[in-house]
Each structure stands twice: as structure tokens, then as C-alpha cells.
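Tertiary structure, described
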Amino acid sequence: MSMSSSRPYMIRALYEWIVDNQCTPYILVNAHARGVEVPQEHINKEGQIILNVSPTSVVGLEIGLESIVFSARFGGIPRDLFIPTYAVLGIYARENGQGMVFEAEPEPPTPPEPPKPEGSDDKRPSLRVVK
């Protein structure tokens, strides 16, 4: 029997464990994996990016089964980030390095897609006069 990836469950559990221990959770991401949307100017020469995903650093963090979605500021500019879970190479506490590094996982034939911005349901906008 084939089972789904344990990676999203491990990411979520380790995230909670790190935060519960008053540490700062960082994720290491393969920024060149298909579907990853991160600020390109912050990717290192190995094609990776380290992101602080602490509750005080990000907005709207959702760790789902297929992806991690949140908003964060880079140089004062808010950015929306989208990271398929297969692109997460590790999660650890900044303060002591405790966490987990993941083995490479194959990318699915069709990667998950980022959520559409609110109100962009491909319908034409309409105005209504309210008296």
C-alpha cells in the first residue's frame, strides 16, 4: 500500500515543537524546485533560501499537505511566498540548530499551484450604486 509523504506532517509537528520551546523556526528551501515562489534576490549560490517562519515574522502561515503559504517582509516590502512541501529541505530552530533535514523527494508531475489572491475569481468586477 502506497502512503502519502510524511514530510508535511513532520514540518508541521517540528514547527509547533520549535515554537512551543520559545525558539525561532527556520526552513531551508530548494528555491529552484518547480512551483517555489520566493524572493529571487535572497537565494544563495547553492539555489537555496533560509526563511524565518516564526509567528512574529510572517502573516497568514498555512502549513498544508502540499504547500506552505505565507506573507513576509523583505527589505520592508511585503511578499507572498509559496513553497511546495517537497521543496522543503529542512526545518530547525535558529537558536540551537535542533530540527530535521529531509531526504530528497521527487517532484510530482504537476506541482501544487499558489492560491489566487482574494477577489480574483476570474469574474469581471462590477459596481453597484447603494443609496
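The notes below deal with the structure included here.

The rules behind each value
Residues numbered from 1 in each chain as written. Predicted model: local features only at pLDDT ≥ 70, side-chain atom pairs only at ≥ 80, totals over all residues. Heavy atoms only, no water. Salt bridge = Lys/Arg side-chain N within 4 Å of Asp/Glu carboxyl O. Helix = DSSP H or I, 4+ residues; strand = E, 2+ residues; numbered from the N terminus. Buried < 20%, exposed > 50% of the residue type's maximum accessible area, 1.4 Å probe, protein only. Phe/Tyr/Trp six-rings, centres within 6.5 Å; stacked < 30°, edge-to-face > 60°. Contact = heavy atoms within 4.5 Å. Polar contact = N/O pair within 3.5 Å; in protein donor to acceptor, adjacent residues only side chain to side chain. Pairing = 2+ DSSP bridges. Axes fitted to C-alpha atoms, helices over the stretch in contact; angles between N-to-C directions.

**Structural notes on the pattern of salt bridges**
- Evaluated as defined, the whole model comprises two salt bridges.
- The residue R79 makes a salt bridge to E41 at a minimum N-O spacing of 3.0 Å. Here E41 lies in the loop between β1 (25–30) and β2 (48–52) and R79 lies in strand β5 (residues 77–84), a separation of 38 residues in the sequence.
- Here R79 falls in the partly exposed class, since its relative accessible area comes to 28%.
- Exposure remark for E41: the relative accessible area of 53% places this residue in the exposed category.
- Put simply, E95 and R94 hold a salt bridge, and the shortest N to O gap is 3.4 Å.
- On the basis of relative accessibility, which here comes to 39%, the residue E95 falls in the partly exposed class.

**Observations regarding the packing of aromatic side chains**
- Taken as a whole and assessed by the stated rule, the structure comprises one aromatic pair.
- Between Y26 and Y92, the aromatic rings sit 5.9 Å apart at their centres with planes inclined by 70°, giving edge-to-face as the arrangement. With Y26 in strand β1 and Y92 in strand β6 (residues 88–93), this residue pair connects regions lying 66 residues apart in the sequence.

**Description of the environment of D80**
- Along the polypeptide, D80 turns up in strand β5.
- Residue classification places D80 among the exposed positions, given a relative accessible area of 63%.
- A sequence separation of 11 residues divides D80 from V69, and the C-alpha atoms of the two residues are 7.6 Å apart.
- Beyond its immediate sequence surroundings of up to four residues, D80 is in contact with E37, F70 and S71.
- Here S71 takes part through its side chain, which lies 2.5 Å from a polar atom of the side chain of D80.

**Looking at the sheet that holds strand β3 (residues 58–63)**
- Strand order in the open sheet formed by three strands is β3-β4-β5, with antiparallel pairing between adjacent strands. Every other strand in the sheet has two partners, leaving β3 and β5 as the edge strands with one partner each. Strand-to-strand twist across the sheet, computed as the mean angle between neighbouring axes with direction ignored, equals 15°.
- Alignment of β3 against strand β4 (residues 67–74), held across four bridges, turns out to be antiparallel. In the sheet register, I63 faces β4, and the bridge partner there is I68.
- Seen against the sheet, helix α1 (residues 7–20) touches β3 and β4 and runs at an angle of roughly 135° to β3.

**What about the pairing of β2?**
- Covered by surrounding structure in β2 are I49 and L51 only, the residues Q48, I50 and N52 on the alternate face being uncovered.
- Where β1 meets β2, five bridges bridge the pair, whose relative direction is antiparallel. Bridging across to β2, Y26 finds its partner in N52.

Keep in mind that these numbers describe shape and distance, not what the molecule does.
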